[in-house]
Amino acid sequence: MRIRRDGAARPYPERNTEPSSRPGCRASPKQHLLGCGEVLVPRYHPRMQTTVTPAKLGEEPVLRNLAQLYAYDFAEIMGWDIPDSGRFPDAIVDGCFGNTSRCPFFLRAGDHLAGFAIVDMRSRLTGDESVHDMAEFFVARTSRRRGVGAAAAVALFDRFPGHWEVRQADRNTAALAFWRAIIGRNTAGRFDEVRHDGPGWRGTVQSFDWP
Ligand SMILES: CC(C)(COP(=O)(O)OP(=O)(O)OC[C@H]1O[C@@H](n2cnc3c(N)ncnc32)[C@H](O)[C@@H]1OP(=O)(O)O)[C@@H](O)C(=O)NCCC(=O)NCCS
């Protein structure tokens, strides 16, 4: 049990233990790209009301704008310079709205845009299509440390039951702490963590079955 900043006791976001009534996207991983309009609402009460919605075809410019904020954060973490154009590369968005395995989502806190996530329907490490990979995950600075990332992560794990891999770059110590906390709490510590040092990825990887 966590204590809210206003002093009231409230359960921390936890894994959903009810059977999901939502259709599995694995059977049709591109379904959300066609604007099926599904809204994922976490079934617990995070400190900040959080919703996760599939990005629609016309929303690619919004995702590209958020990708700039994400890249700016990574520039600080990784020590990147700002490109001469003043704009970071946003190749992570390429293919998200086409016929690929990458599924983009927007995160909202209350009524406001708060970030995005991209889930890949295959392992970044092995290419295994039975694995879900949290390819990108971003909560804007204006919405951080209010449980938005925790709620959104659990909603996405719920949305795609099965085997997951979540990765953090070596220098991203905040993300390492975040993912260890979220995955640890929600799997009761049943996850593997390894350091991967291969051509496709260098950093920490957690892998686990959900639920
Ligand atoms: C990492 C990130 C997603 C966290 O999002 P968030 O909404 O602020 O996280 P939450 O508020 O849900 O935090 C849940 C728990 O994770 C841990 N945590 C979150 N941010 C943390 C940080 N900066 N340092 C240490 N622990 C952290 C804490 O245990 C926290 O619980 P608490 O606030 O009760 O202490 C966000 O900081 C972010 O987008 N960072 C930049 C992009 C990035 O690194 N993405 C991840 C790529 S792998």
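Residues numbered from 1 in each chain as written. Predicted model: local features only at pLDDT ≥ 70, side-chain atom pairs only at ≥ 80, totals over all residues.

Peer 1: So what exactly am I meant to see when it comes to the site of the ligand here?
Peer 2: Taken together, 19 residues are adjacent to the ligand, and R144, G149, A150, A174 and A177 come closest. Counting residues per element, the ones that place at least two in the shell around the ligand are α1 (60–78), β6 (131–139), α2 (148–159) and α3 (173–186). Broken down by element, the residue count for the shell around the ligand peaks at five residues, all from α3. For the shell around the ligand, the per-class residue count stands at 11 nonpolar, four polar and four charged. (Near = placed C-beta within 6 Å. Helix = DSSP H or I, 4+ residues; strand = E, 2+ residues; numbered from the N terminus. Nonpolar A, V, L, I, M, F, W, Y, C, P; charged D, E, K, R; others polar.)

Peer 1: In this structure, what is going on with α2? I would like to understand it.
Peer 2: Taking 1.5 Å of rise per residue, 12 residues should cover 16 Å, and α2 covers 16 Å from first to last C-alpha, within 8% of that figure. Burial analysis of α2 places 12 of its 12 residues in the buried class, the great majority of the element. All buried positions along α2 are accounted for by V148, G149, A150, A151, A152, A153, V154, A155, L156, F157, D158 and R159. (Expected span 1.5 Å × (residues − 1). Buried ≥ 20, exposed ≤ 12 C-beta atoms within 10 Å, placed from the backbone.)

Peer 1: Looking at this structure, I do not really get α1. What am I missing?
Peer 2: Residues that lie three or four places apart on an α-helix share one face, since the helix turns once every 3.6 residues. With 19 residues, α1 should reach 27 Å at 1.5 Å per residue; the first-to-last C-alpha distance of 26 Å fits that figure. Those residues of α1 that fall on the buried side of the exposure criterion are L63, L66, A67 and Y70. Taken down its axis, α1 places every buried residue within 115° of arc, on the same side. With respect to the buried face of α1, the exposed residues turned more than 90 degrees away are P61 and E76. Buried positions along α1 lie against β4 (102–109), β5 (112–120) and β6. (Arc of directions from axis to C-beta. Contact = placed C-beta atoms within 7 Å.)

Peer 1: Sorry if this is basic, but what is going on with the environment of R64 here?
Peer 2: Tracing the sequence through the fold places R64 in helix α1. Between the C-alpha atoms of R64 and I92, which are 28 residues apart in sequence, the distance is 8.8 Å. Setting aside chain neighbours within four positions, we find R64 in contact with D90 and V93.

Peer 1: Looking at this structure, I do not really get the nonpolar core. What am I missing?
Peer 2: Among soluble globular proteins, nonpolar side chains are generally buried collectively. Membership of the largest hydrophobic core comes to 42 residues, with the highest contact counts inside it found for F105, L107, F116, A117, A152 and L156. Other than its neighbours up to four places away in sequence, F105 contacts V52, T53, P54, A55, F116, A117 and L156. (Core = buried A, V, L, I, M, F, W, Y, C linked by C-beta atoms within 7 Å.)

Peer 1: What exactly am I supposed to notice about the sheet that holds β5 here?
Peer 2: Sheets are built from strands that pair by backbone hydrogen bonding, the pairs being arranged parallel or antiparallel. Reading across the sheet, the seven strands line up as β3-β4-β5-β6-β7-β9-β8 and stay open at both edges, with mixed pairing between neighbours. One side of each edge strand has no neighbouring strand; the edge strands of this open sheet are β3 (50–54) and β8 (192–197). In this sheet, adjacent strand axes meet at a mean angle of 30° when their direction is disregarded. Of the pairings in the sheet, the one linking β3 to β4 comprises five bridges and is antiparallel in character. Bridge pairing links T53 to F106 in β4. The sheet contacts of α3 involve β7 (162–169) and β9 (202–210), and relative to β7 the element is tilted by about 155°. (Pairing = 2+ DSSP bridges. Axes fitted to C-alpha atoms, helices over the stretch in contact; angles between N-to-C directions.)

Peer 1: Explain unusual backbone geometry here, please?
Peer 2: Glycine aside, residues mostly have negative phi angles, and peptide bonds mostly take the trans form. That bond from W210 to P211 is cis: its omega, -5°, falls within 30 degrees of zero. The phi angle at A188 is positive, at roughly 55°, despite the residue not being glycine. The residue A188 is located in the loop between α3 and β8 in this model.

Peer 1: I would appreciate a short explanation of the confidence of the model for the protein in the present structure.
Peer 2: Any region with low pLDDT has predicted coordinates that should not be read closely. Overall, the prediction assigns the protein a mean pLDDT of 84, with 79% of residues at 70 or greater. Of the regions scoring below 50 in pLDDT, residues 1–14 engages in 20 contacts with residues more than four places distant in sequence or in other chains. Here residues 16–37 is modelled with pLDDT under 50, and outside its nearest four sequence neighbours on either side it reaches 24 contacts, counting other chains as well. (pLDDT = per-residue confidence, 0-100.)

Peer 1: Sorry if this is basic, but what is going on with the pairing of β7 here?
Peer 2: Successive side chains on a regular strand alternate, one facing one side of the sheet and the next facing the other. Where β6 lies against β7, four bridges are found, and the strand directions are parallel. Note that in β7 the partner of M134 across the bridge is V166. Traced from β6 through α2 to β7, the parallel crossover comes out right-handed. Two elements, β7 and β9, share eight bridges in a ladder whose sense is antiparallel. Note on β9: the bridge partner recorded for E165 is S207. (Right-handed = clockwise from strand over helix to strand, strands pointing away.)

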